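# Results of the structural survey
Listed below, chain by chain, are the residues.
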Amino acid sequence: MATITSIKARQIFDSLGNPTVEVDVHLSNKLWTRAAVPSGASTVIYEALELRDGGSDYLEKGVRRPLAMLTPSLALFSLAGIQQIRLVYITSWFNNLMELRMSGGGVNRSLVQMPSWLYLLPCAKLELLFLIFPRTSTFLTWLVTRSWYCLFLPSMSSMVDHTLGKTCYVGAYQASSFKEAMKMGVEVYHNLKVVIGMDVAASEFYGSEKTYDLNFKEENNNGSQKISRDQLKDLYKPFIFGYPIVSIEDPFDQDDWEHYAKLTGEIGAEVQIVGDDLLVTNPKRVKKAIKEKTCNALPLKVNQIGSVTESIEAVKMSKRAGWGVMASHHSGETEDTFIADLSVGLATGQIKTGAPCRSERLAKYNQLLRIEEELGSEAVYAEAKFRVPVEPY
């Protein structure tokens, strides 16, 4: 039986220069795993809440309170197997602290001797969430020979100064491998700075009058550019049919279910409608969106729901509905690479983790290159099938 002998939580800084939490978990005096928590610059009301200190230190963003909670709470937690880790995932004490849940993704390195992406595959595909199998076992051999691993479209995002495009990103759909897609994306970034695809973040300019203010970034805004929800819906259409845009994220406010559904019904066959603020990786909201045909793609962000287990459930629901799934980073990122393994293990088909220009972004891309190398000929690049890279399970 393996036992957690110590937990060390520390404050580090994310890519926005804000404090965040990093946790080391030790088994039998050996470092078992390390995980760090990202945070978004813009969050919506349905996301899991961050626990911060308030006060004057670090502009109210200190993390002394969660650090004090984390260190003693699991120090003597006994690990008879993966089933025990699930108890950590669902313990109410850590409902809004995802770092320990993310740490569970590293369980394989000490106990089952397999990489996280390989451990996660049966978690999602076969719904055997917490079974342990040695890498050489008959079961795993059967699994490897009957499954194909999807390395997916990297969507390299860049901040832009445009009313209807807070973030835009470019994707190399015609590449033959992830490595080649990275080469294309890096060359585009360095030479052209061209972007295709939109992250509108419409919740930021939706007002109490149920209008969208296209002039919300202007300092002296007189309100003359406010348009109705239907007008905004119709404004997207010339973009979609006039340019090679394949994805629109957050085209409406987090509660504007009606117009999400209208847009999806009118152009969903041609373009991916990603409901980030709408869904917040929450299985309950995903279920509602599937039933009402509100959008057709899930952005996978573990910190929005605060649980790897619930994130996997949201992905499974989305895939069964024929949706696309885009694993996504956050504006306040760390160099933790867990989402790269998560994306391969769940065969998301897409990952958005920023332009290839900063270490916290490149850490994920570099991990994907390592995974592709390890898979060799078994790695299949999603190409144009990025929205549905494998059969729904």
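Predicted model, so just to flag it, every value in this text is computed and none were measured.

Calculation rules
Residues numbered from 1 in each chain as written. Predicted model: local features only at pLDDT ≥ 70, side-chain atom pairs only at ≥ 80, totals over all residues. Heavy atoms only, no water. Helix = DSSP H or I, 4+ residues; strand = E, 2+ residues; numbered from the N terminus. Buried < 20%, exposed > 50% of the residue type's maximum accessible area, 1.4 Å probe, protein only. Contact = heavy atoms within 4.5 Å. Phe/Tyr/Trp six-rings, centres within 6.5 Å; stacked < 30°, edge-to-face > 60°. Core = buried A, V, L, I, M, F, W, Y, C linked by side-chain atoms within 4.5 Å. Expected span 1.5 Å × (residues − 1). Salt bridge = Lys/Arg side-chain N within 4 Å of Asp/Glu carboxyl O. Pairing = 2+ DSSP bridges. Right-handed = clockwise from strand over helix to strand, strands pointing away. pLDDT = per-residue confidence, 0-100.

Summing up its helical and strand segments, the protein chain has 15 helices and 16 strands in all. Across the 393 residues of the protein chain, 54% fall into the buried class. Put simply, 67% of the contacts in the protein chain that link residues at least 6 apart link residues at least 24 apart.

We now examine the packing of aromatic side chains. Between two aromatic rings, the relevant description is the distance of the centres plus the angle of the planes. According to the stated counting rule, one finds seven aromatic pairs in the structure shown. Judged by centre distance (5.8 Å) and plane angle (70°), the rings of Phe-205 and Tyr-212 are edge-to-face. Each member of the pair, Phe-205 together with Tyr-212, is buried. Relative to Tyr-260, the ring of Phe-252 has its centre 5.8 Å away and its plane inclined at 70°; by these criteria the two rings are edge-to-face.

Looking now at the nonpolar core. Core analysis: the largest hydrophobic core is formed by 51 residues, its most contacted members being Tyr-236, Ile-248, Leu-279, Cys-295 and Leu-298. Formed by seven residues, the second largest nonpolar core is a distinct cluster that contains Ala-9, Val-21, Val-25 and Leu-67.

Turning next to helix H15 (residues 359–375). Since one α-helical turn is 3.6 residues long, residues separated by three or four positions face the same way. The end-to-end C-alpha distance of H15, which contains 17 residues, comes to 24 Å, matching closely the 24 Å that a straight helix rising 1.5 Å per residue would cover. Along H15, the residues that are buried comprise Glu-360, Arg-361, Ala-363, Lys-364, Tyr-365, Gln-367, Leu-368, Ile-371, Glu-372 and Leu-375. At the exit of H15 stands Gly-376, carrying a positive phi of roughly 60°.

What follows deals with the pattern of salt bridges. By the definition in use, this model includes 20 salt bridges. With a shortest N-O distance of 3.6 Å, Arg-64 and Asp-57 are connected by a salt bridge. For Asp-57, a relative accessible area of 38% corresponds to the partly exposed category. For Lys-237, the salt bridge identified is with Asp-234, shortest N-O distance 3.6 Å. Of this pair, Lys-237 and Asp-234 both sit in helix H8 (residues 229–242), three residues apart, which is roughly one turn of the helix. Judged by relative accessible area, Lys-237 falls into the partly exposed class, the value being 25%. When salt bridges with common partners are traced through the structure, they connect Arg-229, Asp-230, Asp-256, Glu-258 and Lys-262 into a single cluster.

Right, let's get into the pairing of strand E15 (residues 349–352). Two strands pair when backbone bridges link them, and strand E14 (residues 324–328) and E15 are joined in this way by four bridges, in the parallel orientation. Its bridge partner lying in E15, Met-326 is registered against Gln-350. Once you follow E14 into helix H14 (residues 338–345) and on to E15, the crossover reads as right-handed.

Moving on, we get to unusual backbone geometry. Even without a glycine there, the phi angle at Glu-60 is positive, about 75°. Considering the arrangement of structural elements, one finds Glu-60 in the loop between strand E3 (30–36) and helix H1 (64–73).

The subject of this paragraph is the confidence of the model for the protein chain. For the protein chain, the average pLDDT comes to 75, and 69% of its residues sit at 70 or higher. Segment residues 74–113 is flagged for pLDDT under 50; beyond a separation of four residues in sequence, or across chains, it makes 110 contacts in the model. When the criterion is pLDDT under 50, residues 126–149 qualifies, and its contacts beyond four places in sequence or with other chains add up to 54 contacts.

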